[in-house]
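What follows is each chain in one-letter form.
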Amino acid sequence: MFTEKINHFIDNFLYFCICLINLMKLKTKTIHSAYQSKDAYGALAMPVYHTAAYEFENAEIMSDAFCSRVAMPDYSRVTNPTVIYFEKRVKEITGASAVYGLTSGMAAISNALLSICQSGDNIVTSNHLFGNTWLLMSKTFARLGIEARFCNLCNPDEVKAAIDERTCCVYAEIISNPLQEVADLQALAQIVHSKGKLLLADTTMIPFTRFSAKALGVDLELVSSTKYVSGGASTIGGLVIDYSCGSAFNERMQEMMLNLGAYMTPHVAYMQTLGLENLEARYALESANTMELAERLCTLPAIKYVNYTGLEGNPYHKIASRQFNNTYGAMICIELESPEACFRFLNNLKLIKRATNLFDNRTLAIHPASTIFGNFSKQELKAMDISETCIRLSVGLEDVDDLFEDISQALK
Ligand SMILES: *Cc1c(COP(=O)(O)O)cnc(C)c1O
(Lines give C-alpha, C1' and ligand atoms only; values in the text may rest on other atoms or scores of the structure.)
Protein backbone atom coordinates (compact mmCIF):
# COMPACT_ATOMS: atom_id res chain seq x y z
CA MET A 1 0.00 0.00 0.00
CA PHE A 2 2.73 2.41 1.05
CA THR A 3 4.85 1.64 -2.01
CA GLU A 4 1.77 2.13 -4.17
CA LYS A 5 1.32 5.63 -2.77
CA ILE A 6 4.98 6.45 -3.27
CA ASN A 7 4.80 5.18 -6.82
CA HIS A 8 1.70 7.26 -7.45
CA PHE A 9 3.48 10.33 -6.13
CA ILE A 10 6.58 9.63 -8.23
CA ASP A 11 4.42 9.13 -11.34
CA ASN A 12 2.69 12.48 -10.81
CA PHE A 13 5.96 14.20 -10.11
CA LEU A 14 7.54 12.73 -13.23
CA TYR A 15 4.53 13.78 -15.29
CA PHE A 16 4.93 17.31 -13.97
CA CYS A 17 8.63 17.29 -14.97
CA ILE A 18 7.79 15.97 -18.44
CA CYS A 19 5.24 18.80 -18.92
CA LEU A 20 7.88 21.35 -17.95
CA ILE A 21 10.52 19.83 -20.20
CA ASN A 22 8.17 19.73 -23.19
CA LEU A 23 7.88 23.52 -23.05
CA MET A 24 11.63 24.01 -23.31
CA LYS A 25 13.46 24.64 -26.55
CA LEU A 26 15.69 21.85 -27.78
CA LYS A 27 19.08 23.28 -26.81
CA THR A 28 17.81 23.83 -23.28
CA LYS A 29 16.36 20.32 -23.14
CA THR A 30 19.71 18.72 -23.96
CA ILE A 31 21.16 20.32 -20.80
CA HIS A 32 18.30 20.57 -18.33
CA SER A 33 16.51 17.27 -18.46
CA ALA A 34 15.86 16.35 -14.81
CA TYR A 35 17.30 13.22 -13.25
CA GLN A 36 14.63 10.58 -12.41
CA SER A 37 14.96 11.10 -8.66
CA LYS A 38 16.76 13.56 -6.45
CA ASP A 39 20.34 12.56 -5.65
CA ALA A 40 21.04 11.96 -1.94
CA TYR A 41 23.80 14.60 -2.01
CA GLY A 42 22.22 16.96 -4.54
CA ALA A 43 24.93 16.13 -7.07
CA LEU A 44 24.65 18.47 -10.06
CA ALA A 45 26.29 16.07 -12.52
CA MET A 46 24.44 12.83 -13.12
CA PRO A 47 25.37 10.07 -10.68
CA VAL A 48 26.98 7.01 -12.25
CA TYR A 49 25.58 3.80 -10.79
CA HIS A 50 28.46 1.41 -11.28
CA THR A 51 26.64 -1.57 -9.90
CA ALA A 52 25.65 -4.94 -11.29
CA ALA A 53 22.84 -5.61 -8.81
CA TYR A 54 20.36 -3.85 -6.47
CA GLU A 55 19.24 -4.68 -2.95
CA PHE A 56 15.53 -4.95 -2.07
CA GLU A 57 13.78 -4.10 1.17
CA ASN A 58 11.63 -7.22 1.10
CA ALA A 59 10.65 -10.19 -1.05
CA GLU A 60 7.39 -8.59 -2.22
CA ILE A 61 9.09 -5.51 -3.69
CA MET A 62 11.74 -7.77 -5.16
CA SER A 63 9.12 -9.82 -6.93
CA ASP A 64 7.35 -6.63 -8.15
CA ALA A 65 10.63 -5.31 -9.59
CA PHE A 66 11.53 -8.55 -11.36
CA CYS A 67 8.05 -8.92 -12.83
CA SER A 68 7.99 -5.25 -13.99
CA ARG A 69 4.99 -4.41 -11.77
CA VAL A 70 7.05 -1.50 -10.44
CA ALA A 71 9.76 0.33 -12.35
CA MET A 72 12.80 -0.44 -10.21
CA PRO A 73 16.18 -1.61 -11.46
CA ASP A 74 16.91 -5.24 -10.62
CA TYR A 75 20.06 -6.15 -12.60
CA SER A 76 22.30 -3.98 -14.82
CA ARG A 77 22.22 -6.34 -17.79
CA VAL A 78 18.68 -5.05 -18.38
CA THR A 79 18.26 -1.81 -16.46
CA ASN A 80 20.49 0.77 -14.80
CA PRO A 81 19.55 4.26 -13.51
CA THR A 82 22.40 6.02 -15.38
CA VAL A 83 21.46 4.40 -18.69
CA ILE A 84 17.78 5.14 -18.04
CA TYR A 85 18.67 8.79 -17.60
CA PHE A 86 20.52 8.90 -20.92
CA GLU A 87 17.57 7.17 -22.62
CA LYS A 88 15.15 9.62 -21.00
CA ARG A 89 17.07 12.60 -22.39
CA VAL A 90 17.03 11.19 -25.91
CA LYS A 91 13.32 10.45 -25.50
CA GLU A 92 12.58 14.07 -24.55
CA ILE A 93 14.61 15.42 -27.50
CA THR A 94 13.08 13.11 -30.12
CA GLY A 95 9.53 12.69 -28.82
CA ALA A 96 9.91 8.91 -29.05
CA SER A 97 7.62 6.47 -27.25
CA ALA A 98 10.66 4.54 -26.00
CA VAL A 99 14.47 4.68 -26.27
CA TYR A 100 16.91 1.81 -25.68
CA GLY A 101 20.63 2.30 -25.00
CA LEU A 102 22.85 -0.48 -26.33
CA THR A 103 26.55 -1.34 -26.33
CA SER A 104 27.16 -0.25 -29.95
CA GLY A 105 25.49 0.95 -33.10
CA MET A 106 25.67 -2.61 -34.43
CA ALA A 107 24.00 -3.91 -31.23
CA ALA A 108 21.20 -1.37 -31.73
CA ILE A 109 20.72 -2.45 -35.36
CA SER A 110 20.91 -6.21 -34.72
CA ASN A 111 18.73 -6.16 -31.59
CA ALA A 112 16.06 -4.02 -33.26
CA LEU A 113 15.99 -6.27 -36.34
CA LEU A 114 15.94 -9.46 -34.27
CA SER A 115 12.97 -8.00 -32.39
CA ILE A 116 10.89 -7.74 -35.54
CA CYS A 117 12.20 -10.45 -37.91
CA GLN A 118 12.02 -14.19 -37.81
CA SER A 119 13.16 -17.06 -39.98
CA GLY A 120 11.40 -16.91 -43.36
CA ASP A 121 11.02 -13.13 -43.28
CA ASN A 122 12.79 -10.68 -45.55
CA ILE A 123 14.23 -7.20 -45.12
CA VAL A 124 13.95 -4.82 -48.07
CA THR A 125 17.05 -2.66 -48.17
CA SER A 126 19.88 -1.31 -50.31
CA ASN A 127 23.39 -2.46 -51.24
CA HIS A 128 24.57 0.96 -50.17
CA LEU A 129 24.85 0.28 -46.46
CA PHE A 130 27.42 0.62 -43.71
CA GLY A 131 29.79 -2.36 -44.21
CA ASN A 132 28.88 -4.31 -41.07
CA THR A 133 25.14 -3.74 -41.52
CA TRP A 134 25.49 -5.14 -45.03
CA LEU A 135 27.41 -8.17 -43.69
CA LEU A 136 24.93 -8.65 -40.84
CA MET A 137 22.13 -8.94 -43.36
CA SER A 138 23.88 -10.80 -46.16
CA LYS A 139 25.81 -13.27 -43.95
CA THR A 140 24.65 -13.51 -40.32
CA PHE A 141 20.91 -13.13 -40.94
CA ALA A 142 21.08 -15.21 -44.12
CA ARG A 143 22.27 -18.13 -41.94
CA LEU A 144 19.23 -17.61 -39.71
CA GLY A 145 16.87 -17.78 -42.69
CA ILE A 146 16.23 -14.03 -42.87
CA GLU A 147 16.63 -12.80 -46.43
CA ALA A 148 17.99 -9.37 -47.39
CA ARG A 149 16.41 -7.99 -50.57
CA PHE A 150 18.78 -5.41 -51.94
CA CYS A 151 17.16 -2.84 -54.20
CA ASN A 152 17.39 0.82 -55.10
CA LEU A 153 15.66 2.67 -52.26
CA CYS A 154 15.65 5.84 -54.37
CA ASN A 155 13.28 4.09 -56.79
CA PRO A 156 9.80 3.72 -55.20
CA ASP A 157 8.65 1.21 -57.83
CA GLU A 158 11.54 -1.14 -57.04
CA VAL A 159 10.74 -0.90 -53.33
CA LYS A 160 7.05 -1.57 -53.92
CA ALA A 161 7.87 -4.60 -56.04
CA ALA A 162 10.30 -6.01 -53.47
CA ILE A 163 7.81 -5.99 -50.59
CA ASP A 164 5.72 -9.12 -50.06
CA GLU A 165 3.76 -10.66 -47.18
CA ARG A 166 6.96 -11.96 -45.53
CA THR A 167 8.64 -8.53 -45.55
CA CYS A 168 9.18 -7.45 -41.93
CA CYS A 169 10.56 -3.99 -42.70
CA VAL A 170 12.20 -1.62 -45.13
CA TYR A 171 15.63 -0.56 -43.90
CA ALA A 172 17.40 2.62 -45.06
CA GLU A 173 20.40 4.74 -44.14
CA ILE A 174 19.51 8.44 -44.32
CA ILE A 175 22.83 9.36 -45.98
CA SER A 176 24.60 6.20 -47.08
CA ASN A 177 28.23 5.75 -46.11
CA PRO A 178 30.49 6.33 -48.08
CA LEU A 179 28.36 6.93 -51.23
CA GLN A 180 26.11 9.54 -49.59
CA GLU A 181 22.93 8.45 -51.32
CA VAL A 182 19.75 10.00 -49.87
CA ALA A 183 16.39 8.24 -50.26
CA ASP A 184 13.10 10.11 -49.93
CA LEU A 185 11.98 8.92 -46.49
CA GLN A 186 8.44 10.30 -46.77
CA ALA A 187 7.92 8.50 -50.09
CA LEU A 188 9.32 5.30 -48.55
CA ALA A 189 7.13 5.67 -45.45
CA GLN A 190 4.03 6.03 -47.60
CA ILE A 191 4.77 2.81 -49.52
CA VAL A 192 5.83 0.89 -46.43
CA HIS A 193 2.84 1.96 -44.33
CA SER A 194 0.36 1.32 -47.13
CA LYS A 195 1.55 -2.30 -47.01
CA GLY A 196 1.33 -2.40 -43.20
CA LYS A 197 5.10 -2.70 -42.70
CA LEU A 198 7.69 -0.83 -40.64
CA LEU A 199 10.25 1.70 -41.85
CA LEU A 200 13.62 1.48 -40.10
CA ALA A 201 16.27 4.16 -40.62
CA ASP A 202 19.88 4.39 -39.52
CA THR A 203 20.18 8.14 -38.86
CA THR A 204 23.79 8.17 -37.64
CA MET A 205 24.80 10.71 -40.33
CA ILE A 206 22.70 13.66 -39.06
CA PRO A 207 22.16 14.30 -35.33
CA PHE A 208 18.60 13.68 -34.11
CA THR A 209 18.68 17.19 -32.65
CA ARG A 210 18.57 18.59 -36.22
CA PHE A 211 15.66 16.80 -37.87
CA SER A 212 12.74 14.63 -36.86
CA ALA A 213 12.83 11.08 -38.20
CA LYS A 214 9.40 10.67 -36.63
CA ALA A 215 7.94 13.53 -38.71
CA LEU A 216 9.31 11.88 -41.88
CA GLY A 217 7.46 8.67 -41.05
CA VAL A 218 10.25 6.53 -39.61
CA ASP A 219 9.02 3.88 -37.14
CA LEU A 220 12.34 2.85 -35.63
CA GLU A 221 15.37 5.12 -35.67
CA LEU A 222 18.80 3.51 -35.17
CA VAL A 223 21.84 5.52 -34.16
CA SER A 224 25.50 4.75 -33.62
CA SER A 225 25.95 7.11 -30.65
CA THR A 226 29.69 6.38 -30.94
CA LYS A 227 29.69 9.14 -33.55
CA TYR A 228 28.09 12.58 -33.00
CA VAL A 229 26.73 11.89 -29.53
CA SER A 230 29.94 10.65 -27.92
CA GLY A 231 31.82 13.41 -29.75
CA GLY A 232 35.39 13.01 -28.61
CA ALA A 233 35.44 9.36 -29.70
CA SER A 234 35.19 8.53 -25.99
CA THR A 235 32.95 5.47 -26.12
CA ILE A 236 31.07 2.97 -28.29
CA GLY A 237 27.28 3.03 -28.01
CA GLY A 238 24.01 2.67 -29.87
CA LEU A 239 20.40 3.80 -29.63
CA VAL A 240 17.10 2.31 -30.73
CA ILE A 241 14.53 5.11 -30.85
CA ASP A 242 10.99 3.80 -31.11
CA TYR A 243 8.13 5.83 -32.63
CA SER A 244 5.93 2.82 -33.38
CA CYS A 245 4.12 3.02 -30.02
CA GLY A 246 3.85 -0.75 -30.16
CA SER A 247 3.92 -2.61 -26.86
CA ALA A 248 4.81 -5.73 -28.87
CA PHE A 249 8.09 -4.12 -29.92
CA ASN A 250 8.82 -3.09 -26.35
CA GLU A 251 8.25 -6.64 -25.11
CA ARG A 252 10.56 -8.02 -27.78
CA MET A 253 13.28 -5.47 -27.02
CA GLN A 254 13.08 -6.39 -23.32
CA GLU A 255 13.49 -10.02 -24.35
CA MET A 256 16.57 -9.09 -26.44
CA MET A 257 18.10 -7.16 -23.51
CA LEU A 258 17.57 -10.14 -21.21
CA ASN A 259 18.67 -12.87 -23.60
CA LEU A 260 21.29 -11.21 -25.80
CA GLY A 261 22.78 -8.96 -23.11
CA ALA A 262 23.79 -5.91 -25.17
CA TYR A 263 22.47 -3.19 -22.83
CA MET A 264 24.58 -0.04 -22.51
CA THR A 265 26.91 0.22 -19.50
CA PRO A 266 26.59 3.09 -16.96
CA HIS A 267 30.02 4.53 -17.74
CA VAL A 268 29.17 4.80 -21.43
CA ALA A 269 25.80 6.37 -20.61
CA TYR A 270 27.60 8.95 -18.47
CA MET A 271 30.14 9.83 -21.18
CA GLN A 272 27.48 10.01 -23.85
CA THR A 273 25.20 12.19 -21.72
CA LEU A 274 28.10 14.66 -21.47
CA GLY A 275 28.42 14.40 -25.26
CA LEU A 276 24.71 15.03 -25.68
CA GLU A 277 24.97 18.22 -23.60
CA ASN A 278 27.38 19.85 -26.06
CA LEU A 279 26.24 18.09 -29.23
CA GLU A 280 24.49 21.17 -30.63
CA ALA A 281 27.54 23.40 -30.08
CA ARG A 282 29.89 20.86 -31.64
CA TYR A 283 27.64 20.09 -34.58
CA ALA A 284 27.12 23.75 -35.45
CA LEU A 285 30.88 24.21 -35.78
CA GLU A 286 31.55 20.83 -37.45
CA SER A 287 28.86 21.21 -40.10
CA ALA A 288 29.91 24.80 -40.89
CA ASN A 289 33.54 23.63 -41.18
CA THR A 290 32.48 20.80 -43.49
CA MET A 291 30.53 23.09 -45.80
CA GLU A 292 33.41 25.53 -46.12
CA LEU A 293 35.99 22.78 -46.58
CA ALA A 294 33.88 21.01 -49.25
CA GLU A 295 33.64 24.24 -51.23
CA ARG A 296 37.36 24.89 -50.99
CA LEU A 297 38.26 21.30 -51.94
CA CYS A 298 36.38 21.79 -55.23
CA THR A 299 39.13 24.22 -56.27
CA LEU A 300 41.92 21.61 -56.04
CA PRO A 301 42.64 19.96 -59.41
CA ALA A 302 44.10 16.79 -57.81
CA ILE A 303 40.60 16.02 -56.45
CA LYS A 304 38.45 14.53 -59.21
CA TYR A 305 35.17 14.74 -57.32
CA VAL A 306 33.99 16.15 -53.99
CA ASN A 307 31.00 14.20 -52.69
CA TYR A 308 29.02 16.20 -50.11
CA THR A 309 25.25 16.67 -50.18
CA GLY A 310 25.69 20.27 -49.02
CA LEU A 311 27.14 21.24 -52.42
CA GLU A 312 24.54 22.60 -54.81
CA GLY A 313 25.67 20.43 -57.69
CA ASN A 314 25.27 17.23 -55.65
CA PRO A 315 22.48 14.99 -57.00
CA TYR A 316 20.99 14.61 -53.50
CA HIS A 317 21.30 18.26 -52.48
CA LYS A 318 17.59 19.12 -52.77
CA ILE A 319 16.24 16.08 -50.99
CA ALA A 320 18.88 16.38 -48.24
CA SER A 321 18.02 20.08 -47.74
CA ARG A 322 14.33 19.29 -47.40
CA GLN A 323 14.66 16.27 -45.11
CA PHE A 324 17.39 17.48 -42.79
CA ASN A 325 16.50 21.18 -42.56
CA ASN A 326 19.46 22.45 -44.61
CA THR A 327 22.16 20.60 -42.77
CA TYR A 328 24.31 17.91 -44.37
CA GLY A 329 26.55 16.29 -41.76
CA ALA A 330 30.31 16.36 -41.39
CA MET A 331 31.53 13.67 -43.81
CA ILE A 332 33.10 14.44 -47.19
CA CYS A 333 34.25 11.83 -49.70
CA ILE A 334 36.84 12.82 -52.27
CA GLU A 335 37.91 10.94 -55.39
CA LEU A 336 41.61 10.90 -56.24
CA GLU A 337 43.39 9.65 -59.35
CA SER A 338 44.32 6.13 -58.22
CA PRO A 339 44.52 3.87 -55.13
CA GLU A 340 48.27 4.72 -55.00
CA ALA A 341 47.42 8.43 -54.92
CA CYS A 342 45.07 7.70 -51.98
CA PHE A 343 47.87 5.97 -50.03
CA ARG A 344 50.34 8.78 -50.82
CA PHE A 345 47.78 11.37 -49.69
CA LEU A 346 47.14 9.55 -46.38
CA ASN A 347 50.86 9.15 -45.71
CA ASN A 348 51.53 12.85 -46.36
CA LEU A 349 48.93 14.11 -43.87
CA LYS A 350 50.45 16.00 -40.94
CA LEU A 351 47.48 17.28 -38.95
CA ILE A 352 44.55 15.12 -40.04
CA LYS A 353 44.58 11.70 -38.38
CA ARG A 354 44.62 8.41 -40.27
CA ALA A 355 41.73 6.71 -38.47
CA THR A 356 38.29 5.23 -38.91
CA ASN A 357 35.29 6.59 -36.97
CA LEU A 358 33.12 9.59 -37.76
CA PHE A 359 32.38 12.92 -36.10
CA ASP A 360 35.26 12.93 -33.69
CA ASN A 361 36.37 16.39 -32.52
CA ARG A 362 39.48 15.81 -34.67
CA THR A 363 39.44 15.51 -38.45
CA LEU A 364 39.99 11.92 -39.63
CA ALA A 365 40.84 10.40 -43.01
CA ILE A 366 40.55 6.83 -44.27
CA HIS A 367 40.74 4.87 -47.54
CA PRO A 368 37.60 2.69 -47.10
CA ALA A 369 38.40 0.20 -49.92
CA SER A 370 41.63 -1.01 -48.25
CA THR A 371 40.43 -0.87 -44.62
CA ILE A 372 36.73 -1.09 -43.75
CA PHE A 373 36.13 -3.08 -46.95
CA GLY A 374 39.67 -4.54 -47.13
CA ASN A 375 38.52 -8.13 -46.59
CA PHE A 376 35.45 -7.96 -48.81
CA SER A 377 35.56 -10.02 -52.02
CA LYS A 378 35.77 -8.30 -55.43
CA GLN A 379 32.17 -9.37 -56.03
CA GLU A 380 30.98 -7.86 -52.76
CA LEU A 381 32.81 -4.58 -53.45
CA LYS A 382 31.19 -4.42 -56.87
CA ALA A 383 27.72 -5.07 -55.42
CA MET A 384 28.21 -2.27 -52.91
CA ASP A 385 29.74 0.18 -55.46
CA ILE A 386 32.82 0.75 -53.29
CA SER A 387 35.29 3.01 -55.06
CA GLU A 388 39.01 2.16 -54.86
CA THR A 389 39.91 5.82 -55.33
CA CYS A 390 37.77 7.29 -52.55
CA ILE A 391 39.10 8.96 -49.40
CA ARG A 392 36.58 9.55 -46.62
CA LEU A 393 37.07 12.62 -44.45
CA SER A 394 35.28 13.18 -41.17
CA VAL A 395 35.58 16.88 -40.40
CA GLY A 396 36.30 18.03 -36.85
CA LEU A 397 36.44 21.26 -34.88
CA GLU A 398 39.80 22.60 -36.11
CA ASP A 399 40.22 25.87 -38.06
CA VAL A 400 39.32 25.24 -41.71
CA ASP A 401 42.46 27.07 -42.88
CA ASP A 402 44.63 24.46 -41.18
CA LEU A 403 42.59 21.57 -42.60
CA PHE A 404 42.72 22.99 -46.13
CA GLU A 405 46.45 23.62 -45.80
CA ASP A 406 47.09 20.02 -44.67
CA ILE A 407 45.00 18.53 -47.48
CA SER A 408 46.61 20.79 -50.10
CA GLN A 409 50.16 19.88 -49.06
CA ALA A 410 49.30 16.15 -48.81
CA LEU A 411 48.06 16.16 -52.43
CA LYS A 412 51.34 17.56 -53.78
C1 LIG B 1 29.52 3.49 -37.24
C2 LIG B 1 28.24 3.18 -37.87
C3 LIG B 1 27.48 2.07 -37.45
C4 LIG B 1 27.95 1.10 -36.41
O5 LIG B 1 28.10 1.71 -35.17
P6 LIG B 1 29.10 1.16 -34.03
O7 LIG B 1 28.81 2.06 -32.89
O8 LIG B 1 30.49 1.28 -34.57
O9 LIG B 1 28.72 -0.25 -33.78
C10 LIG B 1 26.26 1.87 -38.07
N11 LIG B 1 25.80 2.69 -39.03
C12 LIG B 1 26.51 3.76 -39.45
C13 LIG B 1 25.94 4.63 -40.51
C14 LIG B 1 27.75 4.05 -38.89
O15 LIG B 1 28.45 5.10 -39.31
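Computed from a prediction, not measured in an experiment: that's the story for all the values here. (Residues numbered from 1 in each chain as written. Predicted model: local features only at pLDDT ≥ 70, side-chain atom pairs only at ≥ 80, totals over all residues. Heavy atoms only, no water.)

Take empty space enclosed by the protein next. A full pass over the atoms with the stated rule returns four cavities of 30 Å³ or more. Of the voids in this model, the largest cavity is the one considered here, and its volume is about 70 Å³. Within the lining of the largest cavity, the residues separate by chemical class into four nonpolar, three polar and two charged. Put simply, the second largest cavity is a space of about 50 Å³. (1 Å grid on protein atoms, 1.4 Å probe; cavity = no way out; pocket = protein on both sides within 12 Å on 5 of 7 lines; lining within 4 Å. Points joined across faces, edges and corners; volume = space filled by probe spheres on them. Nonpolar A, V, L, I, M, F, W, Y, C, P; charged D, E, K, R; others polar.)

Let us now look at unusual backbone geometry. Note the cis peptide between Asn-177 and Pro-178, where omega equals 10 degrees. Following the sequence through the fold, Pro-178 ends up in the loop between β4 (167-173) and α8 (185-194). For Ser-68, which is not glycine, the phi dihedral falls at a positive 60 degrees. Tracing the chain through its elements places Ser-68 in the loop between α3 (59-66) and α4 (81-94). The backbone of Asn-325 sits at a positive phi, close to 55 degrees, despite the residue not being glycine. Along the chain, Asn-325 falls in the loop between α12 (317-323) and β9 (331-335). (Helix = DSSP H or I, 4+ residues; strand = E, 2+ residues; numbered from the N terminus.)

This next bit is on the site of the ligand. Residues in contact with the ligand amount to 13 residues; listed here are only the nearest, Gly-105, Asp-202, Ser-224, Thr-226 and Lys-227. Here a nitrogen atom of the ligand and a side-chain polar atom of Asp-202 are 2.6 Å apart. Take Thr-226: an N or O atom from its side chain is 2.6 Å from an oxygen atom of the ligand. Looking at the shell around the ligand, the element that brings in the most residues is helix α5 (residues 105-116), giving three residues. Across the shell around the ligand, the residue classes tally to four nonpolar, seven polar and two charged. (Near = heavy atom within 4 Å. Polar contact = N/O pair within 3.5 Å; in protein donor to acceptor, adjacent residues only side chain to side chain.)

With that settled, the discussion passes to the pairing of strand β1 (residues 98-102). Burial within β1 is extensive, with five of its five residues counted as buried. Side-chain alternation along β1 places Ala-98, Tyr-100 and Leu-102 on one buried face and Val-99 and Gly-101 on a second face that is also buried. Relative to strand β7 (residues 238-242), β1 is paired through five bridges, and the arrangement is antiparallel. Among the inter-strand pairings, Tyr-100 is bridged to a residue of β7, identified as Val-240. (Buried < 20%, exposed > 50% of the residue type's maximum accessible area, 1.4 Å probe, protein only. Pairing = 2+ DSSP bridges.)

So, on to the packing of helix α11 (residues 279-297) against helix α15 (residues 400-410). Two quantities define a packed helix pair, namely the angle between the helix axes and the distance between the axes. The contact between α11 and α15 brings their axes to 10 Å, and the two run at 35 degrees. When you trace α11 past α15, the crossing you get is right-handed. Packed against α11, whose contacting residues are Asn-289, Glu-292, Leu-293, Arg-296 and Leu-297, the element α15 presents Val-400, Asp-401, Leu-403, Phe-404 and Ile-407 at the interface. Split by residue class, the contact of α11 with α15 holds six nonpolar, one polar and three charged. (Axes fitted to C-alpha atoms, helices over the stretch in contact; angles between N-to-C directions. Left-handed = near helix turned anticlockwise from the far one by under 90°. Contact = heavy atoms within 4.5 Å.)

Okay, the state of the cysteines next. Taken as a whole and judged by the stated rule, the model has zero disulfides. Of all cysteine sulfurs in the structure, the one in Cys-151 sits closest to Cys-154, which takes part in no disulfide; the separation is 9.8 Å. Its sulfur unpaired, Cys-169 is 4.1 Å from the next cysteine sulfur, which belongs to Cys-168. (Disulfide = S-S within 2.5 Å.)

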